[in-house]
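Summary of the model geometry
Single-letter residue listing:
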Amino acid sequence: MAQLKFPHEWLQVQLGDVVSYGKTQKCELSDVTDDTWVLELEDIEKESSRIISRKTAKERPFKSTKNRFERGNVLYGKLRPYLNKVVVADTFGVCTTEIIPLDSEPFVLNRYLFHWLKTRDFLNYVNEVSYGVNMPRLGTKDGVAAPFVLAPLAEQKVIADKLDTLLAQVENTKARLERIPQILKRFRQSVLAAAVSGRLTEEWRDDPEYNDEGYPHPWTFKHLSEVGQLARGKSKHRPRNDPRLFGEEYPFIQTGEVANATGEITSATRFYSAFGLEQSRLFPAGTLCITIAANIADTAILGIDACFPDSIVGFTPKESEALAYFVKYLIDVNKQDLESFAPATAQKNINLKVLNELRLPFPSLEEQTEIVRRVDQLFTHADRIEQQVNNALARVNNLTQSILAKAFRGELTAQWRRDNPELIRGENSAEALLERIKAERAAAKPPKKTRKRKTTV
């Protein structure tokens, strides 16, 4: 067991020295009431330890044996322990046997134990000793032998209180940051709605008149087939069957890449050979891709020449009529309406006729150009904010482990130890605490039965 860094008043022991790891109380469905909490691993959010789902025995009747736990117990997820699923129970209940209930009180505070189990030091240990490739778990023997840092009881409370406060602040900050992407999503949607209704360029146009349909007076409605050409991709020859011929590879774009694109597709993960290209169609850069199967009306602009399957259509606008990006905005805003054209079957799809007959509002090319410029400017600003938020979230996620590390190195309570030496020495020391734990355990053990020897006469 690696030697950890901590104040000399503390002790490094094994987890099994302070808590009965793996010794659980079993129960069956017949042992609980309908309102008993039944906890499964999937109910716990990884890392954050938030309970994301709570069900009772009535809602989740079970056939297999469960572990019983009490309010205040630490519940440790031993399956795939790298997910760091640890919670403190706020009421009694039962849980899957992949969750180990722990109660270390009165000599070790459960809140202190909870925070220790979340540390990087403990995680590194369990990741090293866990067995199983696809579904690793921490064995009971290794759990008992896991490292544990024992601080004096009074200091445990100070540490737990400080961590509760600091980590709650971290979680609040994280929650606020995690809401921003959704706000930005609504912002982008409102920008597109303003773009295709004429509101985004209202002052640029300097024409206050709107027609009866609520669009600017100069705008006209046209079918998609009037402003460009739609062509379906081909997929008779799949790229995965192609020989990879050096110098003869052509990008092959799939529906997932269109759905996940933020705007322009500039690379591919699969390719056609020259032979595959003969069975397909090469669309030029600048083509608007529109998905027509599975995920309906996802869009992206090709930044490269590429092929794609028949679940995607390519739209090439007439230079005198429309810009590909403006048509993309129109399709994005009308995505929900287009999805309604898909029949209610397992494999949703729409045909080219539906797209060709779409009646959409078009301003002049000059105004389309200004709209695209303004949308790009606003989206770039939103992207910059989102990147800053992601960077901040990464720092916040690292902050949790940083605070835990400081706590269990004794840095959060250094001044407290200097101010309260009598609470960490003598009968209040970690050494004396460990001895009390050993004494209580010894007293709790049932006496060994001795056999009476037979006497011979």
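The paragraphs below set out a description of the structure included in this document.

Basis of the calculations
Numbering of residues starts from 1 in each chain and follows the order in which that chain's sequence is written. With pLDDT at 70 or above as the cut-off, local features in this predicted model cover only qualifying residues; side-chain atom pairs require 80 or more to be listed or tallied, and sums for whole chains, interfaces and linings still use all residues. Think of the side-chain values as coming from all heavy atoms in the structure, minus any hydrogens and water. For helices the rule is a DSSP run of H or I covering at least 4 residues; for strands it is a run of E covering at least 2, with both sets numbered from the N terminus onward. Radius of gyration here is computed from C-alpha atoms only, and the compact-globule reference equals 2.2 Å multiplied by the residue count raised to the power 0.38. A 1.4 Å probe rolled over the protein chains alone gives each residue an accessible area, and that area as a share of the maximum for its type sets the label: buried under 20%, exposed over 50%, partly exposed in between. Residue contacts follow a heavy-atom distance rule, with two residues in contact if any of their heavy atoms lie within 4.5 Å. Values of accessible area rely on a 1.4 Å probe in the Shrake-Rupley scheme; residue burial ignores everything except the protein chains shown. One bridge is not enough; two strands pair if DSSP finds at least two bridges between them. The term salt bridge refers to a pairing of a side-chain nitrogen on Lys or Arg with a carboxyl oxygen on Asp or Glu at a separation within 4 Å. We call a pair of cysteine sulfur atoms a disulfide when they lie within 2.5 Å. To obtain an axis, a line is fitted to C-alpha atoms, over the contacting stretch when the element is a helix, and the angle between two such axes runs from 0 to 180 degrees between their N-to-C directions. Roughly parallel means an angle under 35 degrees; roughly antiparallel, over 145; roughly perpendicular, 65 to 115; everything else is oblique. Put simply, a crossing is left-handed when the front helix is turned counterclockwise from the back one by less than a right angle, and right-handed when it is turned clockwise. Residues are grouped as follows: Ala, Val, Leu, Ile, Met, Phe, Trp, Tyr, Cys and Pro are nonpolar; Asp, Glu, Lys and Arg are charged; every other residue, Gly included, is polar.

Helix and strand counts for the protein chain stand at 15 helices and 19 strands. Taking 23 Å as the expected radius of gyration for a compact globule of 457 residues, we find that the protein chain reaches 32 Å, considerably beyond that expectation. For the protein chain, the spread of C-alpha atoms along the three principal axes comes to 115 × 60 × 55 Å. Across the 457 residues in the protein chain, those meeting the buried criterion constitute 44%. The contacts of the protein chain with a sequence gap of at least 6 include a subset with a gap of at least 24, amounting to 73%. Summed over its atoms, the accessible surface of the protein chain is roughly 25,100 Å², and 50% of this surface lies on carbon and sulfur atoms.

Moving on: the sheet that holds strand 8 (residues 93-95). Strand order in the open sheet made by the five strands is 2-5-8-3-4, with mixed pairing throughout. Looking at strand neighbours, the two that pair on one side only are strand 2 (25-27) and strand 4 (55-56), the edges of this open sheet. In this structure, strand 2 lies alongside strand 5 (residues 66-69), joined through three bridges in antiparallel fashion. Note on strand 5: the bridge partner recorded for Gln25 is Arg68.

Scanning the model with the defined rule gives 24 salt bridges in all. A salt bridge links Glu370 to Arg373; its shortest N-O distance comes to 2.7 Å. With Glu370 and Arg373 both in helix 13 (residues 365-408) and three residues apart, the pair spans about one turn of that helix. Residue classification places Arg373 among the partly exposed positions, given a relative accessible area of 43%.

Two cysteines whose sulfur atoms are joined by a covalent bond form what is called a disulfide. This structure, assessed with the given rule, holds zero disulfides. Cys95 provides the cysteine sulfur closest to Cys27, a residue in no disulfide bond, and the two sulfurs are 8.5 Å apart.

Attention now moves to the packing of helix 10 (residues 324-333) against helix 13. At their nearest, the axes of helix 10 and helix 13 sit 9 Å apart, and the two run at 70° to each other. The orientation of helix 10 with respect to helix 13, classified from their angle, is roughly perpendicular. Helix-helix and strand crossings are classified by hand; for helix 10 and helix 13 the assignment is left-handed. Contact with helix 10, carried on its side by Tyr325, Phe326 and Tyr329, involves Gln368, Ile371, Val372 and Val375 of helix 13 and no other residues of that element. Each residue belonging to the contact of helix 10 with helix 13 can be placed in one class, and the counts come to six nonpolar, one polar and no charged.

Let us now look at unusual backbone geometry. Here the residue pair Glu105 and Pro106 is connected by a cis peptide bond, since its omega of 15° sits within 30 degrees of zero. Along the chain, Pro106 turns up in the loop between strand 9 (99-102) and helix 2 (110-117). Its identity is not glycine, yet Asn84 carries a phi of approximately 60°, on the positive side. Structurally, Asn84 is set in the loop between strand 6 (74-77) and strand 7 (86-88).

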